[in-house]
Amino acid sequence: LDGGAIRELVRVKAPKTLVDVNWDPHSSFLIYVERNGRANELWRVPSAGGPPQRIGSLPWLAAALTVHPGGRQIGFTWNRRITELWITENYMPE
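To keep things clear, this report deals only with the structure shown in the data block. Quick caveat, the model's predicted, so the values are computed rather than measured. (Residues numbered from 1 in each chain as written. Predicted model: local features only at pLDDT ≥ 70, side-chain atom pairs only at ≥ 80, totals over all residues. Heavy atoms only, no water.)

**Quick notes on the pairing of strand β1 (residues 17-23)**
- Two elements, β1 and strand β2 (residues 29-36), share six bridges in a ladder whose sense is antiparallel. Along β2, the bridge assignment pairs valine 21 with tyrosine 32.
- Linkage of β1 to β2, two consecutive antiparallel strands, is achieved through a turn of five residues, within which serine 27 is found at a positive phi near 60°. (Pairing = 2+ DSSP bridges. Helix = DSSP H or I, 4+ residues; strand = E, 2+ residues; numbered from the N terminus.)

**Examining the pairing of β2**
- Counting buried residues in β2 gives six out of eight residues, a clear majority hidden from the surface.
- Alignment of β2 against strand β3 (residues 39-46), held across eight bridges, turns out to be antiparallel. Bridged to glutamate 34 within β3 is glutamate 41.
- Between the antiparallel neighbours β2 and β3 lie two residues, among them glycine 37 with a positive phi of about 70°. (Buried < 20%, exposed > 50% of the residue type's maximum accessible area, 1.4 Å probe, protein only.)

**Brief notes about the packing of aromatic side chains**
- What the rule picks out here adds up to zero aromatic pairs.
- Directly above the aromatic system of phenylalanine 29 lies the positively charged group of arginine 44, at a separation of 4.0 Å from the ring centroid. (Phe/Tyr/Trp six-rings, centres within 6.5 Å; stacked < 30°, edge-to-face > 60°. Lys NZ or Arg CZ within 6 Å of the ring centre and 35° of its normal.)

**Overview of the pattern of salt bridges**
- Under the defined criterion, the tally for this structure stands at three salt bridges.
- Lysine 16 is the partner of glutamate 34 in a salt bridge, and the nearest nitrogen-oxygen pair spans 3.5 Å. Of the two residues, glutamate 34 is situated in strand β2 and lysine 16 in the segment before β1; the sequence distance between them amounts to 18 residues.
- In this structure, arginine 54 engages glutamate 41 in a salt bridge whose closest nitrogen and oxygen atoms are separated by 3.0 Å. Here the residue arginine 54 occupies a position in strand β4 (residues 53-58), and glutamate 41 occupies one in strand β3, the gap between them amounting to 13 residues.
- According to the relative accessible area criterion, arginine 54 is partly exposed, its value standing at 44%. (Salt bridge = Lys/Arg side-chain N within 4 Å of Asp/Glu carboxyl O.)

By themselves these figures say nothing about function.
And the structure:
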């Protein structure tokens with residue numbers, strides 16, 4: 001926004017889509033959900049550049065990704081018809 005260069009961090013090709021994107025608390029990584037049909041995977045990519053890193057799988061209707069300010073937990077909703085709250089802990093290395 002300040003006129004700096006635009007950088008591409010990750011590109012997802014069809015039929016995959018990005019469902020949710022969020023910064024980690026230190027802005028070191030972008031955390032995102034990649035959907036491929038009915039499968040969801042949680043990924044992170046370094047904001048300084050580098051290859052994406054797969055964190056794990058999520059239920060296929062996972063959405064509304066949020067990262068806890070402490071950086072050790074991720075919350076997301078699971079199903080749009082039945083409300084559930086899930087938390088993923090210890091996704092970042094020590």
